[in-house]
Amino acid sequence: MEQTDHSTAEQGYHFNVMRRAIDLIDGADAPLSLEALAAEMGMSPAHFQRIFSRWVGVSPKRYQQYLALGHAKALLSERFTTLETAHATGLSGSGRLHDLFLRWEAMSPGDFAKGGAGLTIFWGWFDSPFGPAIVMGTDKGICGLGFAAEMGEDWAMQDLLRRWPKADFVEDPMRLRPWVLAAFGAENAELSEAPLYLIGAPFQIKVWEALLRVPSGHVTTYSEIADSIGNPRAVRAVGTAVGRNPVSWLIPCHRALRKSGGLGGYHWGLPVKRALLAYESARAEA
């Protein structure tokens, strides 16, 4: 596994600890004390608190509030983003998109229609704050990013390979490493931005562009996305396009929720979606 840097590898370990804690929190009838959680994890309270705080910047007690199954509803009432408003404030492909510096080198419905024929796609495995991540990219930018914590590495790899069946795939993590460091905000990143190369059908790319306007720590709804792209009746199609987002985290599909406050689906596993939302909520309010 290619390590983005020491701190990111350490965060990956912290994510595994946190992922076990999610199951414990969900299975409890009432909020667990720091001591009870730590004991279940086989750690001292001080060590457990230190790991949590290093990973997300808040205490386990505070973090439980963000992990609660009802947190999505709270986000919708307190941190809902109207995408037209976000667009009007100047967030665009050339500006600062959500909490990361990204730029679009190209958008390619043609490459999607051709199944990636003629494209060389480089790939590698990396440690990330959310467990093992498979990252893929052309010579123009990152075109795929998936998480394996829930679905397994083989499933995640095959999922991305199937998206562009006619492309040539070359393992070359070192080529991707500078972009990945920037994407995950590593301390030793040499680049200030991670380039994206979006390969999708025109409708999908419209939806992914809309997702890029949702700030970190905020959420939107599938119906709001449909409205923002001028197709208010296409909520189901929007949901499908959100689920087919090939670049998780950077194109923040985890920030799209059902109008009811339900989490909806998440291609890489709902526990990962909850972890991403809780991580961003905690950092936004720390």
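Let us look at the structure shown here. (Residues numbered from 1 in each chain as written. Predicted model: local features only at pLDDT ≥ 70, side-chain atom pairs only at ≥ 80, totals over all residues. Heavy atoms only, no water.)

Below, the discussion takes up the overall build of the chain. Regarding its fold elements, the chain presents 13 helices and 8 strands. For the chain, with 286 residues in total, the buried portion stands at 53%. Taking the intrachain contacts of the chain between residues at least 6 apart in sequence as the baseline, contacts between residues at least 24 apart amount to 71%. Total accessible area on the chain stands at roughly 12,200 Å², and carbon and sulfur atoms take up 50% of it. (Helix = DSSP H or I, 4+ residues; strand = E, 2+ residues; numbered from the N terminus. Buried < 20%, exposed > 50% of the residue type's maximum accessible area, 1.4 Å probe, protein only. Contact = heavy atoms within 4.5 Å. Areas by Shrake-Rupley, 256 points an atom, 1.4 Å probe, with all protein chains shown as cover.)

For the structure on display, the rule yields 5 aromatic pairs. The interplanar angle of 55° and the centroid separation of 5.0 Å between the aromatic rings of Phe-130 and Trp-249 together place this pair among those described as tilted. One end of the pair, Phe-130, is in the loop between strand E2 (120–128) and strand E3 (131–137); the other, Trp-249, is in the loop between helix H12 (235–243) and strand E8 (256–257), and 119 residues separate them in sequence. On the accessibility criterion, Phe-130 (0% relative accessible area) is buried. (Phe/Tyr/Trp six-rings, centres within 6.5 Å; stacked < 30°, edge-to-face > 60°.)

A complete count under the given rule lists 3 salt bridges for this structure. A salt bridge links Arg-163 to Asp-159, with the nearest nitrogen and oxygen atoms 2.9 Å apart. Accessibility expressed as a relative area gives 9% for Arg-163, which makes it buried. When its relative accessible area of 5% is taken as the criterion, Asp-159 is described as buried. Taking the shortest distance from any N to any O, the salt bridge between Arg-255 and Glu-280 comes out at 2.4 Å. With Arg-255 in the loop between H12 and E8 and Glu-280 in helix H13 (residues 270–285), this pair connects stretches of sequence that are 25 residues apart. (Salt bridge = Lys/Arg side-chain N within 4 Å of Asp/Glu carboxyl O.)

Attention shifts here to the pairing of E3. The element E3 is largely enclosed, with a buried count of 7 among its 7 residues. Across 7 bridges, the pairing between E2 and E3 is antiparallel. Each residue of the ladder has a partner; that of Phe-122, found in E3, is Gly-137. One ladder, built from 5 bridges, connects E3 with strand E4 (residues 142–147); its direction is antiparallel. (Pairing = 2+ DSSP bridges.)

To continue, consider the nonpolar core. In globular proteins that are soluble, nonpolar side chains generally tend to be buried together. Counting 76 residues, the largest nonpolar core has Phe-48, Met-136, Ile-142, Phe-147 and Val-242 as the members making the most contacts within it. In terms of nonpolar packing, the next biggest core, distinct from the first, is built from 7 residues, Ala-72, Leu-75, Leu-76 and Val-219 among them. (Core = buried A, V, L, I, M, F, W, Y, C linked by side-chain atoms within 4.5 Å.)

What follows is about helix H9 (residues 173–183). For H9, the complete set of buried residues consists of Pro-173, Leu-176, Trp-179, Val-180, Leu-181, Ala-182 and Ala-183. Against E2, E3, E4, strand E5 (168–171) and strand E6 (194–198) lie the buried residues of H9. Looking one or two residues past H9, Gly-185 carries a phi angle of roughly 65°, positive in sign.

Moving on, we come to the packing of helix H10 (residues 202–211) against H12. Closest axis-to-axis distance for the H10/H12 pair is 9 Å, and the angle between their directions is 80°. It follows from the interaxial angle that H10 and H12 lie roughly perpendicular. Residues Phe-203, Gln-204, Val-207, Trp-208 and Leu-211 of H10 form the contact with H12, whose own contacting residues are Ala-237, Val-238, Ala-241 and Val-242. A per-class count over the contact of H10 with H12 returns 8 nonpolar, 1 polar and no charged. (Axes fitted to C-alpha atoms, helices over the stretch in contact; angles between N-to-C directions. Parallel < 35°, antiparallel > 145°, perpendicular 65-115°, else oblique. Nonpolar A, V, L, I, M, F, W, Y, C, P; charged D, E, K, R; others polar.)

By themselves, these figures tell us nothing about what the structure is for.
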